[in-house]
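Coordinates in review
Single-letter residue listing:
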Amino acid sequence: MTRRALHVRVKGHDAPDPVLSFETLGETFNLSEQLLKNVASLGFKRPSPVQAQSLPAMLKGLEVLVAAPTGTGKTLAFGLPIVHHLAKDKKKYKRLRAVLLAPTRELASQSGELRPEGEAGQVDTNTKRAGGGKKEKGRKRFAENVTNTVAENKDEQSGDGLPRVEDETQSVWKNRKQNECGKERRNERQRASFAEQLSVVMAACTKMGVQPQKALFSATLTAKVDNWVKENLTNPIRIIVGTKNTPSLRVHQELLFVGGEDGKRVAMRQLLTQNMTPPILIFVQSVERAKQLAHELEFDGLRVGQLHGQQTHTQRRDSLLAFRSGNIWLLICTDLAARGLDLPATRLVINYDLPTTTAAYVHRVGRTGRAGNSGKAVTFFTEDDRPLLRRLLFHLYLSKFSIENTDGAFKNKIFVFKTLDHLQT
Ligand SMILES: Nc1ncnc2c1ncn2[C@@H]1O[C@H](COP(=O)(O)OP(=O)(O)OP(=O)(O)O)[C@@H](O)[C@H]1O
């Protein structure tokens, strides 16, 4: 099968051909039998398109920049090569060997849970989790090595090492004193962008004389990331699956004009009456709005949970567990939950508040329609949302979407289609 059939585009020298079976991959790259068994135990019959192209590139040790739609299996595309390299070279290095940076703690934990069973899939390692996790020594399963972890700021023996990088607060901890600070002080931590965090890691690698293989995976690629790649990666292979920065085609998208704020409540109740097949994810724009909406829906007798940055890590973990197990039907969240979380049973995402960026929209609606399943996303918009919506429309236009005909929607329908006409000309 060609790249064209896989909807994969590749730029860069020496890009390997896509590999369409895990067996061929195993033979070509000498993957251990156990690793292949572990993959089979996940129930994956063949590599998804992003895996077919990225796995050989990563296993060859090339640097890659990968954009592929949400829910298409990017985790295994970087997870398997990491585990293979860790297992292969386990005698060579004793110290931190892989760093996985993720935008939230929840996503980092999830990536670390990619855990096929099996003795030979285990690798001796020390793992540390970001945000104060304890150092654990001993035999770890397959992907417990594949954590978001970044070493603490001082190595016990040599006195140097990687600075601690806190993912979900996007903070850089500059010294051990801050590491020990209390909760209040923690809130004052200096915020750092993802690019700044990457720079911290890269600078530490340079200091330690390490030249790591670098790989970036996302469903969306911004100009900032592109610039970072130009400055920091040497001859990377660019792999684009499908259309860049566009919502997954597996998601049926609806725009629903609701008039104003009051209209959102009415529309929500209607929607839940028609589509009440939990679990349902509901995105709002702020913590305050999450709390308020949760309160209102609880009052209606619904089983509601919250996920946002003002909760403790335990509360956030418990919310996700309850949502996964079905104890919570509706999870009201901020963009904290938008990226990467794999909640396969979710068939409906509601954007109660319009996301402020296209990337946020793509990631939010991508919490459904995963692993080849279909899903539905309904996005409310009001008169005030028109400027934001205008920006979103082009990307919506590239994927399937429909606009619902509720009261007063007609002129909005015209607005949407006029904007599209304008974009097309
Ligand atoms: N080869 C495969 N065959 C079948 N299912 C797969 C395969 N690879 C991954 N999956 C499943 O697809 C789902 C989505 O995978 P994953 O979370 O890695 O997607 P992603 O591309 O990283 O999504 P996002 O962009 O939202 O982070 C998971 O439930 C995973 O188990």
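The protein carries the name RNA helicase in an unreviewed UniProt entry, which gives Eptatretus burgeri as its organism. Checking UniProt for the protein, the heading Catalytic activity (unreviewed entry) contains the comment "ATP + H2O = ADP + phosphate + H(+)". The Sequence similarities (unreviewed entry) comment attached to the protein in UniProt states, word for word, "Belongs to the DEAD box helicase family. DDX52/ROK1 subfamily."

Considering empty space enclosed by the protein
A complete count under the given rule lists 5 cavities of 30 Å³ or more for this structure. Considering only enclosed or pocket space, the second largest cavity measures out at about 70 Å³ in volume. As for the second largest cavity, its lining consists of Glu261, Arg265, Val284, Arg289, Gln292, Leu293, Glu296 and Tyr352. Of all elements in the fold, only helix H11 (261-275) and helix H12 (287-299) reach the threshold of two or more residues within the lining of the second largest cavity. Split by residue class, the lining of the second largest cavity holds 3 nonpolar, 1 polar and 4 charged.

Here's the deal with the pattern of salt bridges
In total, this model carries 15 salt bridges according to the counting rule given. The salt bridge involving Glu261 is made with Lys264; its shortest N-O contact spans 3.1 Å. Residue Glu261 and its partner Lys264 are both found in helix H11; the two are separated by 3 residues, about one turn of the helix. A relative accessible area of 35% means that Glu261 is categorised as partly exposed. Here Arg265 makes a salt bridge to Glu296, at a shortest N to O gap of 3.3 Å. Residue Arg265 is located in helix H11, and its partner Glu296 is located in helix H12; the two are separated by 31 residues in the primary sequence. When salt bridges with common partners are traced through the structure, they connect Glu261, Lys264, Arg289 and Asp353 into a single cluster.

Cut-offs applied
Counting from 1, residues in each chain are numbered in the order their sequence is written. With the structure being a predicted model, the display of local features is reserved for residues of pLDDT at least 70 and the display and counting of side-chain atom pairs for 80 or more, all residues being used for whole-chain, interface and lining totals. Values reported for side chains reflect all heavy atoms of the structure, with hydrogen atoms and water molecules removed beforehand. UniProt positions are given in the numbering used here, feature names are shortened, and annotations may be inferred rather than shown by experiment. Only protein atoms enter the calculation, which uses a 1 Å grid: trapped sets of points that fit a 1.4 Å probe without letting it out are cavities, open sets showing protein on both sides within 12 Å along at least five of seven lines are pockets, and any residue with an atom within 4 Å of a point is a lining residue. Grid points are joined across faces, edges and corners, and a volume is the space filled by probe spheres set on the points. Each helix is a run of H or I in the DSSP string that is no shorter than four residues. Each strand is a run of E no shorter than two, and both are numbered from the N terminus. Each residue is assigned to one of three groups, with Ala, Val, Leu, Ile, Met, Phe, Trp, Tyr, Cys and Pro labelled nonpolar, Asp, Glu, Lys and Arg labelled charged, and all others, Gly among them, labelled polar. Any carboxyl oxygen of Asp or Glu within 4 Å of a side-chain nitrogen of Lys or Arg constitutes a salt bridge here. Partly exposed describes any residue whose relative accessible area lies between the buried limit of under 20% and the exposed limit of over 50%, with all areas from a 1.4 Å probe on protein chains only and scaled to the type maximum.

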